[in-house]
Amino acid sequence: MAFDLFLLEVVISGLMTGVMYALVALGFVLIFKASGVFNFAQGVLALFAALALYDFLAEDGWFFAVFGFTLPVWLAIPATALIMILLAWVIERAVLRFLVKQEEIILFMATIGLAFVLEGLGDLLFGSDVKPLDIGIPQGASDWLLDNFNLYVEKLEIVAAATAAVLVTALAIFFQKTRVGRALRAVADDHQAALSVGISLDKIWVIVWSVSGIVALVAGIMWGSKSGVQFSLSLIALKALPVLILGGFTSVPGAIVGGLIIGVGEKVAEVYVGPLVGGAIENWFAYVLALGFLLFRPQGLFGERIIERV
Amino acid sequence: MFYRENGQFKSSYSADQAIFPIAQDRVFVIGILLIAFCGVPFVINEYWANAILVPLLVYALAGLGLNILTGYCGQVSLGTGAFMAVGAYASFKLVGFFPEVNYLILIFVSGLVTAAVGVVFGLPSLRIKGFYLAVATLAAQFFLIWLFNKVGWFYDHSPTGMITVRPIDFFGVRVTGPEATPAAKYLFTLTIIATLTLTAKNIVRGRVGRSWMAIRDMDIAAELIGIKPLQAKLSAFAVSSFYIGVAGALYFGVYLGSAEPLEAFDINQSFYVLFIIIIGGLGSILGAFLGAAFIVLLPVLMKNLMVGGFGVASGTAGHVEILLLGALIIFFLIVEPHGLARLWQIAKEKLRLWPFPH
Amino acid sequence: MNLRKLTGVAVAAVLALPMFASHANAYELVIPTLDYRTGPYAPNGIPLANAYSDYINLLNERDGGIEGVKIKHVDCETGYNTKKGVECYENIKNTAPSRALAVQPFSTGITYQLIPKSSVDEIPIFSMGYGRTSAANGKVFPWVFNFPATYWSQATALVQYIADQEGGMASLKGKKIYLVYHNSAYGKEPIRTLEALAEKYGFEYRGLPVDHPGQEQKATWLQIRKERPDWVLMWGWGVMNQVAIKEAASIRFPMDRFIGVWWSGSENDVLPAGEAADGYLSGTFHAAGGDFALHDDIRKYVYDKGMGAGDRDRIGEVLYNRGLVAVMWTVEAIRNAMKIHGTKEVTPAMVRDGFESLEVDEARLAELGLKDFTYGIKITCENHEGPGRVAVQQWDAKAKKWSMASKFYEPLREITAPLIEADSMAYAKENNVTPRTCS
């Protein structure tokens, strides 16, 4: 295999992996942007969504036990989305409502508590086994590319990239063109001002958590198809953090671009530098890379400029 | 009624500036210390020492360290696990090099080593703030752990990368390993922690501590009144890392006895200590202890209650335990976002008035 | 109930805990387990724990315990977490009346924790096929047993299997054998052995670490795709296994040249990959499948009475059988202890003796309803590893079944013995242990 082709392969794989990270990071960004909450539970939300989806599809789930039939994929996904919306509403009612105006770190801690609750609940409801999730996303390498160009690209990741593109476009339209989207942006800019023009904060929070829950569902589907749905799915949140700091906590395009940079950076480092120092460097390399960017732009690549006044 | 400072007049500045200006506080703290030093060692058994009190003290110390950085100086860090690892590995290597030197000195030096490492990783804090800094400290977390796992010198080239503490005597009394008596382990840890807590209390109410708090409250304003952010932030990183390093050395040496970097000092450890100080109360010495008690005792309590008390299957109990822990965290944050230490303060206010409402 | 009362109950429960069953009437044999039904490794921990519980229930129901003495099963949830493991161990070790007769930590980290404690607490540790490999040296580790085979023996067995496919040990020369490993103490275990083997037989070895949890292994598999090793070995655990098998299939790495350790060869690991996993190999020291006489008894005496710990149709999965074989040997060791000490009220120290002279031959296995399930073992004072034989099993994705693909290989002791000696002696020196003499 030619050397360049391999580099290309590494870069493509990195880009694709980056998209997968970005899917998780997107959920963080949405919530942080609208409410200033660093939602640690995002990974667990993805896990929870995937578990719920599996439940609708499988014969050993609650849904089958209660109704005696399973849902087809095209129905199961909206049904799960409904569950996520319901969950967002419950979270707002039971947690966020009481913590308005608290410091960021307190809200952050509350989402950690939330992560614990969802983790325990997910295990109690759905069991801890590995659940193979198959909703018809093609798996394995793309044969056409592999046979004709000797280029290895994973089909699942092509689907993920396409989905991410659709998702981001949809989000952009939602933010720019719809009433709710404008309201969301208003809240993100200034809570007080938004309240004064009659935007209901409670509603906005439910909406933003719902959207984020649906993004988590997409992330859960992609990662769950890759490794089966299991507890470890919640740990992907950690891989989204360097993406977040690189792209900025408040920028949707930042999450995508940050994901791509981190993805390519860590893969190239692991493949080309890893062998020289013993391997497994991608985890810390992602953070060091992000840290490097931060030193030049302390608010992340696309973050809003921090202006401080005394 | 019982907690009232009426009639306690101070006639000198030094009396007015004492650590515990109120007599009841003094009595209370001395009482706790008396029980901890003279009562508990006689009744302690292995379960209480190894599973509850030693981890509680170690985590309280780590929490204290992080609280100096996060609670007092406002710099959020998620590198605690790695800094504990630095302390642990430093003590491991030092004991290997100088087996005849007093263990206490080696632990102290391990703390200093950690402080130096902490300062290096604290440098980005001069430019990066808030959650960005928190995630940036994760770079330290992942890099240091990788280093300890990869470089054979750190773990004496053992085939698995596991480090195991050697049996160490402290003035003739075994304090590490399985042969150490529960009382010896407990007292050794307690002594170090009591001393360091007293030191911390004094640091934070002195000039250095006040400069940290100024930085925390608003760093630009602090700079304007003549506090150097470089000195303040880096000194916070140094002192905090020193405490965390000592905690790490004790965590490895006295509590666990053996450790592998990816499990014992992973990112969860960093989060765990952060929980402790948020639950306990940011910017409070007492908070670190209350938070550690909450996080260490509560799961054990819930488990024993469910499995031992109500006969719930241990697996189910595990799930319920994490669910309840999460719910309790949320509950306490809603009830009192400033942590358990603040609840304690409110309780004291109430006591002052009790039994008369006004 | 008001808050104060609740606190009172809670405190009382905790205080009462260490002396929990102190008022039991008849003598009971305490077998503790450190389970993990929660956390990232729960999918693997559950079948192991279920098997332990089912077998103990079976003995209590069918035979009234061991030689008529009831077994008291104490379980404690560790979540595969060392700190919780410490709490669990301290909690269960003195369970009345017999104290913990043998501890099975089911975690490398917890095993390392407990090894120094075992000789002080005088409780034997049975880390079956995991834990510290050099504990095979009974002279230094009298209280630790890791039969029937260690990771190092397994590494030599897998290399022998490779040699057989390639046409003899001599043809290993110039071959590339890579290791994909969980970047932890557990995953690093085989490295020394493989390095020694590579040197001796002239194959090229390289290790590729994967960090916990191992959901993203693209970089690892790209390197394998580029360098095209002839064989890939894997020391993986949890989600890492499933992802690795899928990635290997994606880059079209031949599955029958991809061999996992025995902890990377369960149904959990191959099922998510579907058809693509067909032909995947893994080490093992016991059969898979639920058709043995013992399984029938478990269904009859345990599951039919509604006392089963898991799903009936998951009896016979690889990790379930692994749990069974572990508890079976533990029980046999207790039985042996009863025989040599002539008492039914055995203590942990007696059970240690029972382990050390344990001999379970094929005939005894057949009696237990496990004919051809695994091989016979014989433990001695100096050798706590026992026979160390390992076979290779293969996954059939259509039939969804594991089947034996090779004979049981004898370990290459000329490779492992010096490594074990060196590592155990290093431990002895650090911890001031004087190796005992075995005569």
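Note that this is a predicted model, so its numbers are computed, not measured. (Residues numbered from 1 in each chain as written. Chains lettered and ligands numbered in written order. Predicted model: local features only at pLDDT ≥ 70, side-chain atom pairs only at ≥ 80, totals over all residues.)

## What to know about the pairing of strand S5 (residues 176–182) of chain C
Regular strands have side chains that alternate between both faces of the sheet.
All names here are of chain C.
Moving on, step 1. Within S5, six of the seven residues are buried, which leaves the element mostly enclosed by the surrounding structure.
Moving on, step 2. Relative to strand S6 (residues 204–210), S5 is paired through seven bridges, and the arrangement is parallel. Each residue of the ladder has a partner; that of Tyr-178, found in S6, is Arg-206.
Moving on, step 3. Both S5 and strand S7 (residues 231–235) contribute to a ladder of five bridges, which runs parallel. What sits directly across from Tyr-181, in S7, is Trp-235. (Buried ≥ 20, exposed ≤ 12 C-beta atoms within 10 Å, placed from the backbone. Helix = DSSP H or I, 4+ residues; strand = E, 2+ residues; numbered from the N terminus. Pairing = 2+ DSSP bridges.)

## What about the packing of helix H12 (residues 252–277) of chain A against helix H13 (residues 282–296) of chain A?
Residues and elements named next belong to chain A.
Moving on, step 1. Two numbers describe how H12 lies on H13: the axes approach to 9 Å, and their chain directions differ by 130°. When the axis of H12 is compared with that of H13, the two are oblique. You can see that H12 and H13 cross each other, and the crossing is right-handed. Residues Ile-262, Gly-265, Glu-266, Ala-269 and Glu-270 of H12 form the contact with H13, whose participating residues are Glu-282, Phe-285, Ala-286, Leu-289 and Ala-290. (Axes fitted to C-alpha atoms, helices over the stretch in contact; angles between N-to-C directions. Parallel < 35°, antiparallel > 145°, perpendicular 65-115°, else oblique. Left-handed = near helix turned anticlockwise from the far one by under 90°. Contact = placed C-beta atoms within 7 Å.)

## Considerations on the interface of chain A and chain C
Moving on, step 1. Facing 33 residues of chain A, the contacting portion of chain C comprises 34 residues.
Moving on, step 2. Looking at the side of chain A that touches chain C, the elements that each hand over two or more residues are helix H1 (3–35), helix H10 (201–227), H12 and H13 of chain A.
Moving on, step 3. Top element by residues in the side of chain A that touches chain C is H1 of chain A. It accounts for five residues.
Moving on, step 4. Per-class residue counts for the side of chain A that touches chain C are 13 nonpolar, 11 polar and nine charged. (Nonpolar A, V, L, I, M, F, W, Y, C, P; charged D, E, K, R; others polar.)

## Some points on the interface of chain A and chain B
Interfaces are often sized by the accessible area lost when the parts come together.
Moving on, step 1. Listed per partner, the contact involves 39 residues of chain A and 34 residues of chain B.
Moving on, step 2. For the side of chain A that touches chain B, the secondary-structure elements that each account for two or more residues are helix H5 (104–126), helix H11 (237–247) and H13 of chain A.
Moving on, step 3. Split by residue class, the side of chain A that touches chain B holds 30 nonpolar, six polar and three charged.

## Overview of the environment of Trp-62 of chain A
Residue and element names in this part refer to chain A.
Moving on, step 1. Among the structural elements, Trp-62 can be located in helix H3 (residues 62–67).
Moving on, step 2. For Trp-62, a count of 13 C-beta atoms within 10 Å puts it in the partly exposed group.
Moving on, step 3. Taking the C-alpha atoms as reference, Trp-62 lies 8.1 Å from Phe-126; in sequence the two are 64 residues apart.

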